[in-house]
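Observations on the model geometry
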Amino acid sequence: SQTIHQWPATLVQPVGSPLSLECTVEGTSNPNLYWYRQAAGRGLQLLFYSVGIGQISSEVPQNLSASRPQDRQFILSSKKLLLSDSGFYLCAWSVSGVSNSPLHFGNGTRLTVT
Amino acid sequence: GENVEQHPSTLSVQEGDSAVIKCTYSDSASNYFPWYKQELGKGPQLIIDIRSNVGEKKDQRIAVTLNKTAKHFSLHITETQPEDSAVYFCAASKNYKLSFGAGTTVTVRA
């Protein structure tokens, strides 16, 4: 069966520090991969998605970047964190090549920028 | 892009009663409508979905209805139980990008 792992579960970082959140998927090949951010009391905002290695699409301009160095690895990064980067970050995957395949989420990373 | 609105933002129901959450979407080309349940400290989990060629779908105590003409869809939970307490999100999609509603916090009172 397929599983998705995100780490760390929680993270407290000072303003101006770098960020690296990692997500890996097991049990499937060439998945579509996604990074979402969830602000308190709000819905999920799509940040990045990837349909293959090295292919990254950004949905909103921001202080963050994403990379996909391997087929089932998706990384969210920042060179210098801002206070506004605080939030709950969720990685997700879906089956590629299938229109409207369901998203499967990891358990998220709670990021607090101080 | 797609805009999904979800109501109500909070919902408190007595155990055994029904809960209804409603969503509207803006893009008539959207053709896939999943619902997710998020428990505290966890990622959202898919509970039911419906595609635009279907008007209603049911899975035990959960049902979803879709009105394409009006561009709205609803989640119905019958015979609510304490474990139904969570945040529920609706979403709309065309191709592979989901747009989510802001969520409904459901509390089931014992």
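This text goes with the structure placed above it.
Residues numbered from 1 in each chain as written. Chains lettered and ligands numbered in written order. Predicted model: local features only at pLDDT ≥ 70, side-chain atom pairs only at ≥ 80, totals over all residues. Heavy atoms only, no water.

Some details on the overall build of chain A
A tally of helices and strands in chain A yields zero helices and 11 strands. Rg of the C-alpha trace for chain A: 13 Å, near the compact-globule value of 13 Å for 114 residues, within the 12% margin. By its C-alpha atoms, chain A is 40 × 30 × 25 Å across when sized along the principal axes. If you take every contact in chain A between residues at least 6 apart in sequence, the share linking residues at least 24 apart comes to 54%. Summed over its atoms, the accessible surface of chain A is roughly 5,300 Å², and 52% of this surface lies on carbon and sulfur atoms. Each charge sign in chain A was given a centre, from 7 positive and 5 negative side chains, and these centres are 8 Å apart. (Helix = DSSP H or I, 4+ residues; strand = E, 2+ residues; numbered from the N terminus. Rg over C-alpha atoms; globule rule 2.2 N^0.38 Å. Contact = heavy atoms within 4.5 Å. Areas by Shrake-Rupley, 256 points an atom, 1.4 Å probe, with all protein chains shown as cover. Lys, Arg positive; Asp, Glu negative; His and termini not counted. Charge placed at Lys NZ, Arg CZ, Asp CG, Glu CD.)

Structural notes on the interface of chain B and chain A
Listed as interface residues are 22 residues of chain B and, on the opposing side, 22 residues of chain A. Summing both sides of the interface, chain B and chain A together bury roughly 1,600 Å²; the carbon and sulfur share of this comes to 51%. Remark: the boundary between chain B and chain A carries zero salt bridges. Between chain B and chain A we count four residue pairs in polar contact (both at pLDDT 80 or more) in total. Elements that contribute at least two residues to the side of chain B that touches chain A include exactly strand 4 (32–38), strand 5 (45–51), strand 9 (86–94) and strand 10 (97–100) of chain B. The element that contributes the greatest number of residues to the side of chain B that touches chain A is strand 5 of chain B, accounting for four residues. Its residues placed into classes, the side of chain B that touches chain A shows nine nonpolar, eight polar and five charged. (Buried area = accessible area lost by both parts, 1.4 Å probe. Salt bridge = Lys/Arg side-chain N within 4 Å of Asp/Glu carboxyl O. Polar contact = N/O pair within 3.5 Å; in protein donor to acceptor, adjacent residues only side chain to side chain. Nonpolar A, V, L, I, M, F, W, Y, C, P; charged D, E, K, R; others polar.)

Details of the nonpolar core
Judged by nonpolar contacts, the single largest core of 23 residues is most densely connected at I21(B), Y25(B), F33(B), W35(B), F73(B), L75(B) and Y88(B). Residue assignment for this core shows that the elements contributing at least two residues are strand 2 (10–14), strand 3 (19–25), strand 4, strand 5, strand 7 (62–67), strand 8 (72–77), strand 9 and strand 11 (104–109) of chain B. Leaving out residues up to four positions away in the same chain, F73(B) has contacts with I21(B), K22(B), C23(B), Y25(B), F33(B), W35(B), T65(B), L66(B), C90(B) and A91(B). Counting 20 residues, the second-largest nonpolar core is a separate cluster that includes I4(A), L21(A), L64(A) and Y89(A). (Core = buried A, V, L, I, M, F, W, Y, C linked by side-chain atoms within 4.5 Å. Buried < 20%, exposed > 50% of the residue type's maximum accessible area, 1.4 Å probe, protein only.)

Comments concerning the state of the cysteines
Residue and element names in this part refer to chain A. One pass over the structure, following the stated rule, counts two disulfides over all chains. The side chain of C23 participates in a disulfide bridge whose partner is C91; the two sulfur atoms lie 2.0 Å from each other. Taking the torsion about the S-S bond as the criterion, the C23 to C91 disulfide, at about -75 degrees, is left-handed. With a gap of 68 residues between them, C23 in strand 3 (residues 19–26) and C91 in strand 9 (residues 87–94) connect regions that are remote in the sequence. The class for C23 is buried, based on a relative accessible area of 1%. (Disulfide = S-S within 2.5 Å.)

With respect to the pattern of salt bridges
Under the criterion given, the structure shown has five salt bridges over all chains. Between D85(A) and R37(A) there is a salt bridge, with the nearest N and O atoms lying 4.0 Å from each other. Within this pair, whereas D85(A) is found in the loop between strand 8 (73–78) and strand 9, its partner R37(A) is found in strand 4 (residues 32–38), the two being separated by 48 residues in sequence. Each member of the pair, D85(A) as well as R37(A), is classed as buried. Ionic pairing is found between E39(B) and K37(B), a salt bridge with its closest N-O pair at 3.7 Å.

Some remarks on the sheet that holds strand 3 of chain B
All names here are of chain B. Judged by pairing direction, the sheet is antiparallel, and its five strands sit side by side in the order 1-3-8-7-6 without closing on themselves. Looking at strand neighbours, the two that pair on one side only are strand 1 (4–7) and strand 6 (56–59), the edges of this open sheet. Pairs of neighbouring strands in the sheet enclose a mean axial angle of 15 degrees, with direction left out of account. Alignment of strand 3 against strand 8, held across six bridges, turns out to be antiparallel. Counted as the bridge partner of A19 is I77 from strand 8. (Pairing = 2+ DSSP bridges. Axes fitted to C-alpha atoms, helices over the stretch in contact; angles between N-to-C directions.)

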